[in-house]
Every structure is written in C-alpha cells, then in structure tokens.
2 protein chains.
Amino acid sequence: MYKVKVYVTLRESVLDPQGTVVKNSLHTLNFNEVSDVRIGKYMELTIEKSDRNVEDVVREACEKILANTVIEDYRFEIEECVSQ
Amino acid sequence: MYKVKVYVTLRESVLDPQGTVVKNSLHTLNFNEVSDVRIGKYMELTIEKSDRNVEDVVREACEKILANTVIEDYRFEIEECVSQ
C-alpha cells in the first residue's frame, strides 16, 4: 500500500483571485506582514499495490483528472506503507 | 522574507464527500488501485519580516482564517528567503 501526497498549484503566470481575497482578509485582520498568498490543492491518495508502477499511476491520474495542466503544476511524494 | 507552506486537511473523523467523488471518478477511469482520496488545501504565503515572530503570525492566521479548526487540522513549514 502506498500513501501519496499530491500538491497542485497554479502556474506562476496565472492570476490567483482566491489568493488575493485571502490576502486582503488577512490585511483586514492586521496580518500586514503577509505580502502574497497563492492557493493550491493538496490531496492524499491511498493506492493499493498492482501490476502497474505506482509512479506511473499517480502521474497519469494527475494528468487526466487531478490537475488541469494548462494552468496548474503538480508534484507528488510517494511513501510505501506496511499493511497491518 | 519568509516563504510559508500551509497544509490544511480534514480531520480523520470527518467525512470527505469531495474526496469520495474524486475516488469514484478515478475508478471510472480504471484507476482501481486508488482505495482512498482525501482532499485538503495547500497555501503558499509570502511574509515580510516584522517585529512579530513569523511562527506566531502563521499560527494565528491559521487559527483565525486559514483553517476551520473544528473540522480541520493544519500544519506549516517556514522557509527563510534571502531578498534579492
């Protein structure tokens, strides 16, 4: 069994209106130190062992459904777990 | 200047309908290895140096606005950057 952490972020060149709203809210609450906020997605997948390579499975899942690669970048970490 | 990465995840005991939808979609696309999906948020903050401790600033921001601590957990990593 594998635990996979997937991070999906907007590409640098893409505007992040959600991040701007959060930044403005932080300023309203006197967190004036915060000069930029970018919002992304974080996903934890549990993947069972199969005859397919887990890295290929995750990459394909990211390309097909988890990330919109036109505007988003993704990266992931795979951790093997001992089943109990 | 600090780059802070904040991860917000639903608590273990809280149902994640969005994750279930993504899991079902992955099964439809023949990713049957994926047995569980949990969706969280990932935020990148840029914080300028101030007289307040950056760790306190981030923790307070998480408690007040970035996470709903009733149903969500958060963790963060702080990285100091050399300004250019």
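Chain A has the name Phosphoribosylformylglycinamidine synthase subunit PurS in an unreviewed UniProt entry, where Cytobacillus spartinae is given as its organism. As its UniProt record puts it under Subunit (unreviewed entry), chain A is described as follows: "Part of the FGAM synthase complex composed of 1 PurL, 1 PurQ and 2 PurS subunits." Under the UniProt heading Pathway (unreviewed entry), the note attached to chain A is "Purine metabolism; IMP biosynthesis via de novo pathway; 5-amino-1-(5-phospho-D-ribosyl)imidazole from N(2)-formyl-N(1)-(5-phospho-D-ribosyl)glycinamide: step 1/2."

Time to look at the state of the cysteines. Disulfides are covalent bonds that connect the sulfur atoms of two cysteines. Residue and element names in this part refer to chain B. Per the stated rule, a full pass over the model turns up zero disulfides over all chains. Its sulfur unpaired, Cys62 is 18 Å from the next cysteine sulfur, which belongs to Cys81. On the accessibility criterion, Cys62 (0% relative accessible area) is buried.

What follows covers the relation of the copies chain A and chain B. The transformation that overlays chain A on chain B combines an axial shift of 0.0 Å with a rotation of 180 degrees, and the residual RMSD is 0.0 Å. What we have between these two chains is a two-fold relation. Both copies share a contact surface, since 100% of the interface residues of chain A are interface residues in chain B too.

Quick look at helix H1 (residues 17–28) of chain A now. Structurally, the α-helix is built with 3.6 residues per turn, so residues lying three or four positions apart point the same way. Between the first and last C-alpha of H1(A) there are 17 Å, a value that for twelve residues agrees with the 16 Å anticipated at 1.5 Å per step. Turning to H1(A), its buried residues are A:Gly19, A:Val22 and A:Leu26. Around the axis of H1(A), the buried residues are gathered within 65 degrees of arc, so they sit on the same side. Exposed and facing more than 90 degrees away from the buried side of H1(A) are A:Pro17, A:Val21 and A:Thr28. Where H1(A) is buried, its residues meet strand S2 (34–47) of chain A together with helix H2 (54–66) of chain B. With its phi angle positive at about 70 degrees, A:Asn30 sits one or two positions after the end of H1(A).

So, how was this worked out
Residues numbered from 1 in each chain as written. Chains lettered and ligands numbered in written order. Predicted model: local features only at pLDDT ≥ 70, side-chain atom pairs only at ≥ 80, totals over all residues. Heavy atoms only, no water. UniProt positions renumbered as here; feature names shortened; annotations may be inferred. Disulfide = S-S within 2.5 Å. Buried < 20%, exposed > 50% of the residue type's maximum accessible area, 1.4 Å probe, protein only. Least-squares fit on C-alpha atoms with pLDDT ≥ 70 in both. Contact = heavy atoms within 4.5 Å. Helix = DSSP H or I, 4+ residues; strand = E, 2+ residues; numbered from the N terminus. Expected span 1.5 Å × (residues − 1). Arc of directions from axis to C-beta.

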